[in-house]
Number of protein chains: 2
Amino acid sequence: MGMPPPAGAGAARRDSMRAILAAAELVFSRRGFEGARMAEIAAESGLPKANLHYYFGTKERLYRAVLEDIIRQWLDTAAAWIVPEHAPAEALAGYVRAKLMDARVRPGASRIFAGELLRGAPLLMPFLADELRRRVGEMAAVIEGWAARGLIGPVAPAHLFFCIWAMTQTYADFDVQVRAVLGPSADEDAIFAAAEATVTQLVLHGSFVRDNVAILNT
Amino acid sequence: MGMPPPAGAGAARRDSMRAILAAAELVFSRRGFEGARMAEIAAESGLPKANLHYYFGTKERLYRAVLEDIIRQWLDTAAAWIVPEHAPAEALAGYVRAKLMDARVRPGASRIFAGELLRGAPLLMPFLADELRRRVGEMAAVIEGWAARGLIGPVAPAHLFFCIWAMTQTYADFDVQVRAVLGPSADEDAIFAAAEATVTQLVLHGSFVRDNVAILNT
DNA sequence: ACCGAATCTGACCGTCCGGTCAAGATTCCC
DNA sequence: GGGAATCTTGACCGGACGGTCAGATTCGGT
């Protein structure tokens, strides 16, 4: 058996796995699961190919490991902002800002997630149907709580989140399109500043968040 | 030379190519470019694999042909709605409705487009930088015309379109996620009705389209 | 009916790629 | 210091996949 022990704690182990995971995230995000080559991940990580298989067994298990990392961040961002203690305006604006920041500093993660969904989510389906569904249910309850207190207008909470995810992640997933359309003169700072302004405006005014409606009425 | 003549007009030719293109759109949309297998496209089309190569030469040329079809529809929908003759409310609502209809009846097209962008648009880059960029410029001019007449509030036109595309196409690209989160009780009619209501609301109120602001102020 | 062009097709090929393996190097623990 | 466990590595498979080809079949014009 070439399989490593279930839970070793060697330093070499940790370093190698980290390097492999980072290289894998890069290559999977550029090429997709099918397009990614183990040899390219190996080259990117600076380790021989056999080493990847020593630690992760198969391409699919390596991909799964990368996905789990991504999902953890995804859920953390939502949990940090969509909570009843926040006012709707700061919660939604903060969430949009945080998601755009993720899209900017770690676009590969968003792309891998997108690629997985595009393929019909063969590996992520259990997560989507169980944990994500539950989390969205909780987030929807927060929205409905705000609505009941008149802090936010009528809006279908789940769809509001679909739209927020779509708008924010598009700046990572389809970033080539954004850059091509805006042309070479648009630098990254300007793009993300305009993106945040636009998405925030659509979300806050589009869902009648109270403070903003007040501003609107002046 | 196995290459067919530049522009034959046989009936068999037309039928075979149609069948191949339809099968290719299906398979490319489910598996992506790298994941798609020529053998699967052949099986789906009911023709032997050698036939695909007779008409299209290579996998990449077949994929290109599918992409061109998709782009034509993409541009047509935009050209039909975002014109200065329309009032902003009907133009934007109509565009959203049309894009959601496309997402519903031809989700594979949207997914192929998304997959191409995800991979960095190796084949679509010229289109993005030339034709799409020009078209978005024209559409932005329409928005700015409305803004100058006070029919729509301040909004960055290009980003408004990025957001509209993101929100509408997410219902095709990430449809597994939508279904998983909403659960088995949500049928397609209900999903798309709620999607249209939500996206339209975000776009119209979020960009201060006049009619809607008036409604808001009552 | 005839003939060249167009279309179709099964069998085949070379390459690429995920995965394996066995032997060598290093680390860890007593 | 020694032996076992862990880690590293180049060389090597077997299957899958895009693409080819030569021969069979059909089509279109006269």
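> Is there a simple way to explain the packing of helix α9 (residues 175–182) of chain A against helix α8 (residues 157–173) of chain B in this structure?
A pair of packed helices is captured by two measures, namely the crossing angle of their axes and the spacing between those axes. One can describe the packing of α9(A) onto α8(B) by two numbers: an axis separation of 11 Å at closest approach and a directional angle of 155°. Relative to α8(B), the element α9(A) is oriented roughly antiparallel. Considering only the axes of α9(A) and α8(B), their crossing is right-handed. Here α9(A) contributes A:Q177, A:V178, A:V181 and A:L182 to the contact with α8(B), which in turn contributes B:A158, B:H159, B:F162 and B:W165. Each residue belonging to the contact of α9(A) with α8(B) can be placed in one class, and the counts come to 6 nonpolar, 2 polar and no charged.

> I'm lost on unusual backbone geometry in this one. Help?
Trans is the prevailing form of peptide bonds, just as negative phi is the prevailing case for residues other than glycine. Residue and element names in this part refer to chain A. Residue A121 is not a glycine yet carries a positive backbone phi of 55°. With respect to the helices and strands, A121 occurs in the loop between α6 (107–118) and α7 (125–148). When its relative accessible area of 0% is taken as the criterion, A121 is described as buried. For F208, which is not a glycine, the phi torsion comes out positive at approximately 55°. On the basis of relative accessibility, which here comes to 15%, the residue F208 falls in the buried class.

> Mind showing me how you'd approach the protein's contact with DNA strand C here?
Taken together, 17 residues form the shell around DNA strand C, and within it A:K49, A:K59, B:R13, B:A50 and B:Y55 come nearest. Sugar and phosphate atoms represent 65% of those atoms of DNA strand C found within 4 Å of the protein. Interatomic distance of 3.0 Å between a backbone N/O atom of A:M38 and a phosphate oxygen of DNA strand C. A distance of 3.0 Å separates a phosphate oxygen of DNA strand C from a polar side-chain atom of B:Y54. The element contributing the most residues to the surface near DNA strand C is helix α3 (residues 49–56) of chain B, with 4 residues. Residues belonging to the surface near DNA strand C are distributed by class as follows: 9 nonpolar, 4 polar and 4 charged.

> Would you take a moment to explain the packing of aromatic side chains for this structure?
Given two aromatic rings, their pairing is described by the distance between the two centres and the angle made by the two planes. Summed over all chains, the structure comprises 22 aromatic pairs over all chains. Between A:F162 and B:Y171 the ring centres are 6.2 Å apart and the planes differ by 85°, which places this aromatic pair in the edge-to-face class. Highlighted residues: A:F162 in helix α8 (residues 157–173) and B:Y171 in helix α8, drawn from two different chains. B:Y171 sits in the buried class, given a relative accessible area of 3%. The ring of A:F33 has A:K59 lying over it, and the distance from NZ or CZ to the ring centre is 4.8 Å.

Conventions and cut-offs
Position numbers for residues count from 1 along each chain, tracking the sequence in the order it is written. Here chains are named by letter from A upward and ligands by number from 1 upward, in the order in which they appear as written. Owing to the predicted nature of the model, reporting of local features is limited to residues with pLDDT of at least 70; listing and counting of side-chain atom pairs is limited to 80 or more, with chain, interface and lining totals taken over all residues. Only heavy atoms go into the side-chain values, all of them from the structure, while hydrogens and water stay out. All axes here are fitted lines through C-alpha atoms, helices being fitted over the stretch that makes contact, and every angle between N-to-C directions spans 0 to 180 degrees. Per the convention used, a helix needs a DSSP run of H or I reaching at least four residues, while a strand needs a run of E reaching at least two, with both numbered from the N terminus. Any angle that falls under 35 degrees is termed roughly parallel, while one over 145 is termed roughly antiparallel, one within 65 to 115 roughly perpendicular, and all others oblique. Handedness of a crossing follows from how the near helix is turned relative to the far one, being left-handed for an anticlockwise turn of less than a right angle and right-handed for a clockwise one. Contacts between residues were defined by any pair of non-hydrogen atoms, one from each residue, lying within 4.5 Å. Following the grouping adopted for this structure description, the nonpolar residues are Ala, Val, Leu, Ile, Met, Phe, Trp, Tyr, Cys and Pro, the charged ones are Asp, Glu, Lys and Arg, and the polar ones are all others, Gly among them. The buried label goes to any residue with under 20% of its type's maximum accessible area, the exposed label to any with over 50%, and the partly exposed label to all in between, with areas taken from a 1.4 Å probe on protein chains only. Any residue with a non-hydrogen atom lying within 4 Å of a molecule or strand is treated as near it. Definition of a polar contact: a pair of N or O atoms within 3.5 Å, with one able to donate and the other able to accept a hydrogen when the atoms are protein atoms, and with sequence-neighbouring residues admitted only if both atoms are side-chain atoms. Aromatic pairs are defined between Phe, Tyr and Trp rings, using the six-membered ring for Trp, whenever the two ring centres lie within 6.5 Å; interplanar angles under 30 degrees are classed as stacked, those over 60 as edge-to-face, and all others as tilted. Comment: the charge-over-ring label is applied if NZ (Lys) or CZ (Arg) is within 6 Å of the ring centre and within 35 degrees of the ring normal.

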